[in-house]
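Breakdown of the fold
This is what each chain is made of:
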Amino acid sequence: MSNSEISPDEQFELHDGARQLPRLGPGRAAMWLLAKLLSRLVRNGHLTVIDPCCGTWRFGGGDGPAVSVRLTDKALPAQLLANPSLALGEAYMDGTLRIETGSLRDLLSICMADLDAVDALPGKRIRQGLDAFLSRRLHHNPINRARCNVAHHYDLSTELYDLFLDADRQYSCAYFATGNETLDEAQALKKRHIAAKLLLRPGLDVLDIGSGWGGLALELAQQHQARVTGLSLSTEQIVAARASATQSGLSEQVAFKLRDYRQEKGQYDRVVSVGMFEHVGRSGFDDYFSTIRRVLKQDGVALVHAIGTMAPKGGSDAWIRKYIFPGGYLPSLSETISAAERSGLWVTDVEVLRLHYAETLRHWSERFAAERGTARRLYDERFCRIWEFYLAVCEMAFRHGRLMVFQLQLAKRRDTVPLTRNYIADAEADHHCHIRALGKQIGRAR
């Protein structure tokens, strides 16, 4: 193994033209096989692994971060081979994988820079086949199950989310026009970008499916004089959103309802859904887009902003599904568009945001790290490790893997939106000028 360093007892030997491991027990054999994988996987940076028997293995070369980890459980090498994502996440959160030098983000960057090598593992193909077989059960989310799934993640303390989100509590991909924006600036740009695609004008009725803590709904009401109805299944979010509406003096203009989108009966000029489609599940695609079509007026416009995967078919990560987003399913763009078209909606605009979420998650990780002590007081050490891993592994999946964010603009009629996309930039520029003028007025008043 040219780029690893092992003791003489760990060297394999050749017998009758086949490689044998005559002196290795099952645990040592698993470590040897894991080392073979890491020798192919680690190309940028330097990774040192101290195994449960105190053997030292070194991988990588060239530029990049240097990380050293210690494995303390003899079963861990075999678990990492069988299910790398689940085992790595559980080992970090349980402390059986300890980072001795470097950071978790550096470790994940090293290990996820070449995901094709991981995908080539036989165990990966077996798990993908099993997931496909169990897909309907894993990703089927009727209303009762959807409510439980939402509570698992979104009914955590709002104080926790305040530790790492922007001031408006936008818990979705920000929009980095240059890459140099602060998190708050990029989230403001995201809201502006979505508003431009909705072609808003005063007096329109807007439905916000998955309204979160209400930031987008309040923005559409305040800046664009829309009447907004926000839907969420999270009790914590609804309470916080209603409080924000009252504080902003918008309670008469914005209503937040604890309701599943499939139960909505109203008619709306505009429908917006940000970070919600990922929770629908593949079996729910047709209901989702049929609902949008049903509640959308004949000349209405809808905007769906969601995480997707650059693959023929979507899916979910085992660790994320188990600990973060039960029932979650990240769709491919192709199967999403097919479902929208089956509902009878026109896809009038598509935009793919590739690295925007990687930058968003970097900001979240850094903010969470800065407030880790508070998070530990709110929950405990294991919870902090879970969230550290969640934010970091998602960042690297967007930075090195197949994940991206897409925005689909939808309409019932082909002629609802202008012939070209110029109106998007024009609306954003007008909004920017309005904000600058407002700022000057406030400055003169002071």
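Now for a look at the structure at hand. (Residues numbered from 1 in each chain as written. Predicted model: local features only at pLDDT ≥ 70, side-chain atom pairs only at ≥ 80, totals over all residues. Heavy atoms only, no water.)

Things to note about the sheet that holds strand β6 (residues 97–101)
Reading across the sheet, the four strands line up as β4-β3-β5-β6 and stay open at both edges, with mixed pairing between neighbours. A single partner strand is all that each edge strand has here, and the edge strands are β4 (56–61) and β6. Strand-to-strand, the axes of this sheet are offset by a mean angle of 20°, without reference to chain direction. (Pairing = 2+ DSSP bridges. Helix = DSSP H or I, 4+ residues; strand = E, 2+ residues; numbered from the N terminus. Axes fitted to C-alpha atoms, helices over the stretch in contact; angles between N-to-C directions.)

Let's talk about the packing of aromatic side chains
Applying the stated criterion across every chain yields a total of 27 aromatic pairs. Taking the centre distance of 6.3 Å and the plane angle of 75° together, the rings of Phe-164 and Phe-368 count as edge-to-face. With a gap of 204 residues between them, Phe-164 in the loop between α9 (158–162) and α10 (183–197) and Phe-368 in helix α16 (residues 356–370) connect regions that are remote in the sequence. What makes Phe-164 buried here is its relative accessible area of 0%. Residues Tyr-288 and Phe-289 carry aromatic rings whose centres are separated by 5.0 Å and whose planes lie at 90° to one another, so their mutual orientation is edge-to-face. Like Tyr-288, the residue Phe-289 is buried in the burial classification. Against the face of Tyr-92 rests Arg-385, its NZ or CZ located 4.9 Å from the ring centre. (Phe/Tyr/Trp six-rings, centres within 6.5 Å; stacked < 30°, edge-to-face > 60°. Buried < 20%, exposed > 50% of the residue type's maximum accessible area, 1.4 Å probe, protein only. Lys NZ or Arg CZ within 6 Å of the ring centre and 35° of its normal.)

A short note on the pattern of salt bridges
Throughout the structure, instances matching the rule amount to 28 salt bridges. Across the pair Asp-286 and Arg-342 runs a salt bridge whose closest N-O atoms are separated by 2.9 Å. Here Asp-286 is found in helix α13 (residues 285–295), whereas its partner Arg-342 is found in helix α15 (residues 333–342), with 56 residues between them in sequence. Each of the salt bridges in this network shares a partner with another, and the network as a whole consists of Arg-105, Glu-359, Arg-362, Glu-366, Glu-395 and Arg-399. (Salt bridge = Lys/Arg side-chain N within 4 Å of Asp/Glu carboxyl O.)

Details of the side chain of Ser-211
Tracing the sequence through the fold places Ser-211 in the loop between β7 (205–209) and α11 (215–224). Classification of Ser-211 by relative accessible area gives buried; the value is 6%. In this structure Ser-211 touches Gly-230, Leu-231, Ser-232 and Phe-256, once residues within four positions along its chain are discounted. (Contact = heavy atoms within 4.5 Å.)

Remarks on the packing of α13 against α15
A pair of packed helices is captured by two measures, namely the crossing angle of their axes and the spacing between those axes. At a closest axis distance of 8 Å, the pairing of α13 and α15 adopts a crossing angle of 50°. Here α15 runs oblique to α13, going by the angle between their axes. In the crossing of α13 with α15, the sense of the turn from one axis to the other is right-handed. Across the interface between the two elements, Phe-285, Asp-286 and Phe-289 of α13 pack against Glu-335, Thr-336, Ala-339, Ala-340 and Arg-342 of α15. (Parallel < 35°, antiparallel > 145°, perpendicular 65-115°, else oblique. Left-handed = near helix turned anticlockwise from the far one by under 90°.)

Notes on the pairing of strand β8 (residues 227–232)
A large share of β8 lies buried, amounting to five of its six residues. As paired strands, β7 and β8 are joined by five bridges and run parallel to one another. Its bridge partner being in β8, Leu-207 is matched across the sheet by Thr-229. Sheet analysis places β8 next to strand β9 (residues 254–258), joined by five bridges and oriented parallel. Pairing of Leu-231 across the sheet is with Lys-257, part of β9. The handedness of the β8 to β9 crossover, carried by helix α12 (residues 235–247), is right-handed. (Right-handed = clockwise from strand over helix to strand, strands pointing away.)

Overview of the sheet that holds strand β12 (residues 346–353)
The strand order across the open sheet built from seven strands is β9-β8-β7-β10-β11-β13-β12, with neighbouring strands paired in mixed fashion. In the strand order of this sheet, the two ends are held by β9 and β12, each with one partner. Each neighbouring strand pair of the sheet contributes to a mean axis angle of 15°, computed without reference to strand direction. Across seven bridges, β12 lies against strand β13 (residues 403–411) in antiparallel orientation.

Looking at the environment of Phe-406
Mapping Phe-406 onto the fold places it in strand β13. Of the residues examined, Phe-406 reaches a relative accessible area of 0% and is grouped as buried. Sequence separation of Phe-406 and Leu-353 is 53 residues, and the distance between their C-alpha atoms is 5.9 Å. Residues within four places of Phe-406 in sequence aside, it is in contact with Phe-277, Val-304, His-305, Ala-306, Ile-307, Gly-308, Pro-331, Leu-333, Thr-336, Glu-351 and Val-352.

Some words on the side chain of Thr-416
Position of Thr-416 relative to the elements: it lies in the loop between β13 and α19 (422–445). A polar contact is formed between the side chain of Thr-416 and the backbone oxygen of Arg-413, at a distance of 3.2 Å. Not counting residues within four places of it along the chain, the set of residues in contact with Thr-416 comprises Asp-299, Gly-300, Val-301 and Ala-411. (Polar contact = N/O pair within 3.5 Å; in protein donor to acceptor, adjacent residues only side chain to side chain.)

Regarding the environment of Tyr-154
Relative to the helices and strands, Tyr-154 is located in helix α8 (residues 143–154). For Tyr-154 and Trp-213, which are 59 residues apart along the polypeptide, the C-alpha to C-alpha distance reads 9.8 Å. Dropping the residues within four chain positions of it, Tyr-154 is found in contact with Tyr-161, Tyr-171, Ser-234, Glu-236, Gln-237, His-279 and Phe-325. Engagement of the side chain of Tyr-154 in a polar contact is seen with the side chain of His-279, the distance being 2.9 Å.

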